[in-house]
Amino acid sequence: MGSLLGAVASVLAEAGAPLTVAAITERVLAAGLWQTDGKTPAATVGAKLAVDVKDKREGSLFVRTDPSTFGLRAMGIAPAQTKVAGPGQLTYMEAAQSVLTGIADGNPMHYREITKRAIEAGMLAPNGLTPAATMYSQLLTDIERRAKRGEPPRFARLSPGVFGLASWTEPGLAADIAAHNAEVRKALHTKLMTMEPHEFETLVGLLLDRLGFVEVVVTKPAGDDGVDVFGTLVVGDVVRTRMAVQVKRWKANVQSPVVQNVRGSLGAHDQGLIVTTSDFSPGAREEAAKPDRVPVALMNGKELVALLLEHQIGVTLSRPELYELAELVYASD
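Residues numbered from 1 in each chain as written. Predicted model: local features only at pLDDT ≥ 70, side-chain atom pairs only at ≥ 80, totals over all residues. Heavy atoms only, no water.

Colleague: Looking at this model, I keep getting lost on the nonpolar core. Mind explaining?
Modeller: A general feature of soluble globular proteins is that nonpolar side chains tend to end up buried together. Membership of the largest hydrophobic core comes to 23 residues, with the highest contact counts inside it found for Leu192, Phe200, Val245, Leu304 and Leu308. For this core, the secondary-structure elements that each account for two or more residues are α7 (173-193), α8 (197-210), β9 (239-248), β10 (270-276) and α11 (301-310). When sequence neighbours within four positions are dropped, the list of residues in contact with Phe200 reads Leu192, Met195, Val247, Lys248, Arg249, Thr277 and Leu304. In terms of nonpolar packing, the next biggest core, distinct from the first, is built from 19 residues, Met93, Met109, Met123 and Leu165 among them. (Core = buried A, V, L, I, M, F, W, Y, C linked by side-chain atoms within 4.5 Å. Buried < 20%, exposed > 50% of the residue type's maximum accessible area, 1.4 Å probe, protein only. Helix = DSSP H or I, 4+ residues; strand = E, 2+ residues; numbered from the N terminus. Contact = heavy atoms within 4.5 Å.)

Put into structure tokens, the structure is as follows:
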């Protein structure tokens, strides 16, 4: 088995056209050209390609044609000029993951060094004066949020101010907790599928209340095409957005006609939200995102379960309270 970049080159040569990082990763793994125990193989592939293109420039076998899309330079494909994943293309968490995956080479880094490397590589173009402080804050928030949701962590704080990828840590208590939480998420999803329709709608209404919605009303059962829950999202006591929610306790993916029906049932000043225990087809996602239409937000089963765990609906949280020294972050870097 050859190198990862060699495997990528083989896949792109066979495709004869640029592919997204997700598609490249899928094909490399399916063909058995590369193996990994990591939980984010696409992030690894994307980071390796990004670093190779940046470091080797015209000497790289690869060329970036769009954000998260690469082709072979030998195909004569021109690199993207306006869409290249340069400054501002990555979030802080995406940049941190790319640095730790492709540059750190398995070595933990201080958050200031992660930030520095991300900026040097063109992954970040921070507008604020304290990008390192922002990086530190977001790394801690990401770890805490995933813990609340019972999701496997992406990052691990290995010592004050020093972070690595969670996949680097030795199996132990953290791995046992992650496995337990995965079983709880699965069991909770199964439980959702056995609820009566109106009970499920009431549960979604409770979740909206915990998310900060006000005036939440679960409508009376009246068929499958109407609005199931109304709520108003208030931001800063100033902005009020009335949401009309349709709930789908389905096994099959939600298709685009459902999105169209929800949009057609909205009032003059309403926005739509579809919550399902399954997922959404590509057509449904495309329909919901149309820029010239009334917005319809989508929440799939995985996102629903994550929010239920985060807000302790249908689950209880038990954990030891462990204190560790933390980095003291001041106003400037």
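Colleague: Could you clarify how one ought to interpret the sheet that holds strand β4 (residues 109-110) in this entry?
Modeller: Pairing is antiparallel across the open sheet formed by 3 strands, whose spatial order is β4-β6-β5. In this open sheet, the two strands that pair with only one neighbour each are β4 and β5 (155-159). Across 4 bridges, the pairing between β5 and strand β6 (residues 162-165) is antiparallel. The residue of β6 that forms the bridge with Ser159 is Val162. Packed onto the sheet, helix α4 (residues 92-102) meets β4, β5 and β6 and runs at close to 80 degrees relative to β6. (Pairing = 2+ DSSP bridges. Axes fitted to C-alpha atoms, helices over the stretch in contact; angles between N-to-C directions.)

Colleague: I keep staring at the packing of aromatic side chains and nothing clicks. Help me out?
Modeller: Aromatic ring pairs are reported here in terms of the distance separating the ring centres and the angle at which the planes meet. Here the structure, examined in full by the defined rule, presents 2 aromatic pairs. With centroids separated by 4.6 Å and ring planes inclined at 35 degrees, the aromatic side chains of Tyr111 and Tyr136 adopt a geometry described as tilted. Here the residue Tyr111 occupies a position in helix α5 (residues 111-120), and Tyr136 occupies one in helix α6 (residues 131-148), the gap between them amounting to 25 residues. Like Tyr136, Tyr111 is buried. Their ring planes at 70 degrees and their centres at 6.0 Å tell us that Tyr136 and Phe163 sit as a pair that is edge-to-face. Of the two residues, Tyr136 is situated in helix α6 and Phe163 in strand β6; the sequence distance between them amounts to 27 residues. (Phe/Tyr/Trp six-rings, centres within 6.5 Å; stacked < 30°, edge-to-face > 60°.)

Colleague: Whenever I open this one, a nonpolar patch on the surface confuses me. Can you help?
Modeller: On the surface, a nonpolar cluster with roughly 270 Å² of combined accessible area is contributed by Val235, Val238 and Val239. Take Val238: it is sitting in the loop between β8 (229-235) and β9. Given the relative accessible area of 66%, Val238 is considered exposed. (Patch = residues over 30% accessible without salt bridge, like charges linked within 9 Å, V, L, I, M, F, W, Y side chains within 5 Å. Areas by Shrake-Rupley, 256 points an atom, 1.4 Å probe, with all protein chains shown as cover. Salt bridge = Lys/Arg side-chain N within 4 Å of Asp/Glu carboxyl O.)

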